[in-house]
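If you want the building blocks of each chain, they are given just below.
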Amino acid sequence: MEGSVKASAPSNIAFVKYWGKFGRQYPLNPSISMTLSHCKTITKVHYRIEKGRGRVEAFLFEGSENEAFLNRIEKFLKSIADCYPLAHDLVLNIESENTFPHSAGIASSASAMAALCSCLVLIEKELGLPTDNFNQRISFLSRLASGSACRSVYSGFAFWGESHLGIGSNQFACKLNDVDEQFNELFDCILIVSGKEKEV
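Residues numbered from 1 in each chain as written. Predicted model: local features only at pLDDT ≥ 70, side-chain atom pairs only at ≥ 80, totals over all residues. Heavy atoms only, no water.

J.: Give a detailed account of the pairing of strand 7 (residues 90–98), specifying residues and quantitative values.
T.: As a general feature of sheets, a regular strand has side chains that alternate between the two faces. As paired elements, strand 4 (residues 31–49) and strand 7 share 9 bridges and run antiparallel to each other. Bridge pairing in strand 7 places isoleucine 42 opposite glutamate 97. Of the strand pairs in this sheet, strand 5 (residues 55–61) and strand 7 are connected by 6 bridges, and their pairing is parallel. By the bridge assignment for strand 7, phenylalanine 59 is matched with isoleucine 94. (Pairing = 2+ DSSP bridges. Helix = DSSP H or I, 4+ residues; strand = E, 2+ residues; numbered from the N terminus.)

What follows is the structure, encoded as structure tokens:
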């Protein structure tokens, strides 16, 4: 069996950052972020099933092969095989592009991994596997790829981490709906001085 899926995910900017992680990608403290709706990663995945031969066959970023990211995705898939069993059997060809410069300080890793994990959950759905709590499932897998990526699943404001407020989970992020209306007037303006990859 084979097929193709496509998904996009936005970047996010943290107002309250998490300062370190423990265990299996759990945050040391809760974090709050605002989603940047126009800064997106768009990812297409062609997949086929080969029992026990799961791998990333090719990864193209904006039309060019990117071996470093291919290796990162393969390593990630191996690390989540216990909670994403399809990783053992999926052969993936991935194409990805951004609507903004990558590695320039606009959290392209968060949007990239959230878009990829959206595709992984869409594959589960296409194969008829249970996909209850769709966004929660994406956020859970995204967290295992990149902590801040779990917040990129939601529009508006997102919250990640257990808190004394009675909201939040270390396992996945959630949409933060209960905000003062004045915060809905916030927007993030990005001035691109250079699209080059940052040194640090």
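J.: How would you summarise the side chain of glutamate 124 if you had to cite specific residues and measurements?
T.: Inspection of the secondary structure assignment puts glutamate 124 in helix 2 (residues 108–126). Dropping the residues within four chain positions of it, glutamate 124 is found in contact with Tyr84, Leu86, Leu129, Thr131 and Arg137. (Contact = heavy atoms within 4.5 Å.)

J.: For the packing of helix 1 (residues 67–79) against helix 2, give the residues involved together with the corresponding values.
T.: Here helix 1 crosses helix 2 at 55 degrees, and the two axes come no closer than 13 Å. Relative to helix 2, the element helix 1 lies oblique. Seen from above, helix 1 lies across helix 2 with right-handed handedness. The residues of helix 2 that touch helix 1, namely those facing Phe69, Arg72, Ile73, Phe76 and Leu77, are Ser109, Ala112, Met113, Leu116, Cys117 and Leu120. Here the contact of helix 1 with helix 2 is built from residues that sort into 9 nonpolar, 1 polar and 1 charged. (Axes fitted to C-alpha atoms, helices over the stretch in contact; angles between N-to-C directions. Parallel < 35°, antiparallel > 145°, perpendicular 65-115°, else oblique. Left-handed = near helix turned anticlockwise from the far one by under 90°. Nonpolar A, V, L, I, M, F, W, Y, C, P; charged D, E, K, R; others polar.)

J.: Just give me the short version of the pattern of salt bridges, but keep the residues and values in it.
T.: Counted according to the given criterion, the structure contains 8 salt bridges. Among the ionic pairs, aspartate 82 bridges to arginine 24, the shortest N-O distance being 2.8 Å. On the criterion of sequence distance, the pair formed by aspartate 82 in the loop between helix 1 and strand 7 and arginine 24 in the loop between strand 2 (21–22) and strand 3 (26–27) is long-range, its members being 58 residues apart. Residue arginine 53 is joined to glutamate 50 by a salt bridge in which the shortest nitrogen-to-oxygen separation is 3.2 Å. Judged by its relative accessible area of 18%, glutamate 50 is buried. Each of Arg48, Glu50, Arg53, Arg55 and Glu57 takes part in one network of salt bridges that share partners. (Salt bridge = Lys/Arg side-chain N within 4 Å of Asp/Glu carboxyl O. Buried < 20%, exposed > 50% of the residue type's maximum accessible area, 1.4 Å probe, protein only.)

Interpretation in functional terms is not warranted from these geometric data alone.
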